[in-house]
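Residue strings, one per chain:
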Amino acid sequence: MAKHITTINKGNLQNTLHTGGCGECQASCQSACKTSCTVGNQVCAK
Amino acid sequence: MNGLYFVLDVNSGAVHVLDGLAYEAMAVFNGVNDKEVQVALGSKYGEGEIVEVLAELHELKDQGLLFAPEVTTPVTFREKPLVKSLCLHVAHDCNLRCGYCFAGTGDFGHDRSLMPKHVAEQAIDFIIANSGARKNCEVDFFGGEPLLNMETVRHAVSYIRKREAETGKVFKLTLTTNAALLNNSIIEYLNSENISVVLSLDGRREVHDAMRPYADGSGSFDEVVAGAKQLVDSRQGQSYYMRGTFTAHNLDFAADVKAMVDLGFKQLSIEPVIAKEEEYALKEEHLPVLFSEYENLAKYYLDQRAIGQGFEFFHFNLDLSNGPCVAKRLSGCGAGHEYFAVTPDGDLYPCHQFVGRDNYLLGNVSEGIKKSKMTEVFRQAHVLNKSECRECWARFYCSGGCHANADLFNATIDKPYLLGCELQKKRLECALMIQACLTLQKGQE
């Protein structure tokens with residue numbers, strides 16, 4: 001058990017370099033004026 | 001923030017909470033310079049604990065959770081884009097005259113008009129023809145105010161259902177409304193067709209009415225709240241978002257989110273107004289107050305959860321473990337290559353905010369995209385190709401920000417709107433703090 005650092009999330013970006021890109025996820029409005037999602041808020045649809 | 005220190009490892013997406021010693025060590029540590037860290041911290045901390053911290057940092061590095069290698073453009077992103085989403089402007093007209101409306105109070109700088117049924121059909125055929133093997137498609141009914149043209153909305157939905165059956169595609173439908181015209185018949189229809197709804201309310205009555213009046217100048221708060229409540233109750237609080245806009249007139253916007261909570265709404269968002277010269281425009285000098293306000297909102301969010309009265313705030317919903325892939329984080333909103341807006345005449349623009357900017361007219365649903373070079377410009381305008389974004393820690397969370405805002409402020413989509421960037425980063429910091437607090441609380445239970 002680490003004493004000084006707690007990892008709250010391990011991330012998955014490197015893995016998705018090769019597996020992602022299916023495009024089935026929801027569109028995301030970057031201005032969020034429509035609140036249909038900025039990209040960081042999304043969940044993978046796979 | 002909130003008594004916690006964080007590290008976000010940008011290229012892996014890993015998030016760590018650090019104690020004070022580890023935090024100070026990270027200010028010096030670059031993965032290979034242990035001696036420098038020991039010298040820098042030696043006068044303040046004991047040798048043993050510095051060695052402990054360095055061991056933990058090296059372990060994270062070995063696991064790929066710290067100093068992960070730079071992310072490059074994925075192969076899948078280099079393929080031809082597929083159209084996945086359309087914003088149908090079924091009405092270039094509106095029953096309100098909002099002070100900050102980017103759509104010129106509904107007409108987008110042109111005549112007030114409604115989309116005919118055949119244009120909606122052509123738009124749906126356009127998305128099906130250009131979505132390739134992709135199964136999930138999306139249509140947002142937008143305006144102006146889309147409830148002013150329910151005839152075309154109903155016709156388009158019927159046509160979508162017919163085409164779904166023929167093609168095997170699945171359409172997710174949304175409708176963005178100011179809520180003032182909602183009634184029993186419309187609400188029943190939206191529920192029966194499983195249409196998600198985005199509702200506009202700016203929070204406190206005086207804030208809302210000052211910016212969102214009817215054409216005669218009277219406030220719309222009462223009708224909006226009544227309509228929104230009826231809709232939300234009728235669908236058991238599901239499949240909606242209530243979103244507001246804040247301006248220089250209500251820098252204390254957390255009070256407006258609280259007002260929405262007090263009215264009984266639970267799925268909320270509030271967005272900074274986009275304006276350049278207007279007296280209500282947000283300016284750099286407002287940033288310290290706005291940062292503090294986001295922190296207030298984050299604390300309120302956690303407090304409400306703690307007492308069982310939690311609500312969703314759109315920008316704080318960060319799924320750290322199952323977020324989007326790199327390709328999605330590069331394509332962002334997809335404006336101009338995966339996502340298009342369609343005017344009542346069938347004209348195609350990169351997104352709803354570009355409508356009316358004539359140099360961005362890309363084609364028409366009857367003929368398809370005519371400016372294919374511009375769609376490629378949009379596709380390549382991602383964070384790894386923009387100099388300001390390439391170095392920014394938030395690049396895989398904001399995807400480079402809104403192209404329409406970049407164009408408005410900088411006359412190019414390759415240079416982001418920096419005030420928006422600052423606010424985005426603050427929201428992300430708050431979201432990370434919230435995720436850390438919730439994860440740590442769970443660990444203690």
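Residues numbered from 1 in each chain as written. Chains lettered and ligands numbered in written order. Predicted model: local features only at pLDDT ≥ 70, side-chain atom pairs only at ≥ 80, totals over all residues. Heavy atoms only, no water.

Right, let's talk about helix 3 (residues 47-62) of chain B for a bit. Each α-helix winds once per 3.6 residues, and so residues spaced three or four apart point in a common direction. Here helix 3 of chain B is 16 residues long and its end C-alpha atoms lie 22 Å apart, about the 22 Å a rise of 1.5 Å per residue gives. Two residues or fewer past helix 3 of chain B, Gly64(B) is found with a positive phi of approximately 80°. (Helix = DSSP H or I, 4+ residues; strand = E, 2+ residues; numbered from the N terminus. Expected span 1.5 Å × (residues − 1).)

Facing 75 residues of chain B, the contacting portion of chain A comprises 38 residues. Overall, the association of chain B and chain A removes approximately 4700 Å² of surface from exposure, summing both partners, and the carbon and sulfur fraction of that is 55%. Area buried by chain B at its contact with chain A is led by Glu56(B), Phe314(B) and Lys328(B), which between them contribute 12% of it. If you look at where chain B meets chain A, you find one salt bridge. Of the charged contacts in the structure, one is a salt bridge between Glu52(B) and Lys3(A), with a shortest N-O distance of 3.2 Å. Joining chain B to chain A, the criterion identifies 23 residue pairs in polar contact (both at pLDDT 80 or more). The greatest single-element share of the side of chain B that touches chain A, amounting to six residues, is contributed by helix 3 of chain B. Counted by class, the side of chain B that touches chain A contains 36 nonpolar, 24 polar and 15 charged residues. Relative to strand 2 (residues 14-18) of chain B, strand 1 (residues 5-9) of chain A is paired through four bridges, and the arrangement is antiparallel. Residue pairing for strand 2 of chain B: Asn9(A) is matched across the bridge by Val15(B). (Contact = heavy atoms within 4.5 Å. Buried area = accessible area lost by both parts, 1.4 Å probe. Salt bridge = Lys/Arg side-chain N within 4 Å of Asp/Glu carboxyl O. Polar contact = N/O pair within 3.5 Å; in protein donor to acceptor, adjacent residues only side chain to side chain. Nonpolar A, V, L, I, M, F, W, Y, C, P; charged D, E, K, R; others polar. Pairing = 2+ DSSP bridges.)

Quick look at the pattern of salt bridges now. Considering all chains together, one arrives at 20 salt bridges over all chains under this definition. Residues joined in a network through salt bridges with shared partners are Asp125(B), Lys162(B), Arg163(B) and Glu166(B).

Residues at a pLDDT of 70 or more form 100% of chain B, whose mean pLDDT is 94. Confidence metrics for the complex model read pTM 0.93 and ipTM 0.86. (pLDDT = per-residue confidence, 0-100.)

Right, let's talk about the pairing of strand 8 (residues 196-200) of chain B for a bit. Residues and elements named next belong to chain B. Among the five residues that make up strand 8, five are buried, leaving the element largely enclosed by the rest of the structure. With burial as the criterion, each face of strand 8 is covered, one bearing Ser 196, Val 198 and Ser 200 and the other bearing Val 197 and Leu 199. Relative to strand 8, strand 7 (residues 170-177) runs parallel, the two sharing four bridges. Looking at strand 8, one finds that Thr 176 is bridged to Val 198. Alignment of strand 8 against strand 9 (residues 240-246), held across four bridges, turns out to be parallel. Paired with Leu 199 across the two strands is Met 242, which belongs to strand 9. (Buried < 20%, exposed > 50% of the residue type's maximum accessible area, 1.4 Å probe, protein only.)

A pair of packed helices is captured by two measures, namely the crossing angle of their axes and the spacing between those axes. Residue and element names in this part refer to chain B. One way to put it is that helix 10 (residues 287-306) packs onto helix 16 (residues 418-444) with a least axis distance of 10 Å and a crossing angle of 25°. Classified by the interaxial angle, the pair formed by helix 10 and helix 16 is roughly parallel. The interaxial crossing formed by helix 10 with helix 16 has right-handed handedness. On the side of helix 10, the interface is formed by Leu 287, Leu 290, Phe 291, Tyr 294, Glu 295, Ala 298, Tyr 301, Leu 302 and Arg 305, while helix 16 contributes Leu 419, Glu 422, Leu 423, Lys 426, Arg 427, Cys 430, Met 433, Ile 434, Cys 437 and Leu 438. (Axes fitted to C-alpha atoms, helices over the stretch in contact; angles between N-to-C directions. Parallel < 35°, antiparallel > 145°, perpendicular 65-115°, else oblique. Left-handed = near helix turned anticlockwise from the far one by under 90°.)

Residues and elements named next belong to chain B. Relative to the helices and strands, Lys 426 is located in helix 16. Overall, the relative accessible area of 9% leaves Lys 426 in the buried class. Setting aside chain neighbours within four positions, we find Lys 426 in contact with Met 1, Phe 291, Tyr 294 and Glu 295.

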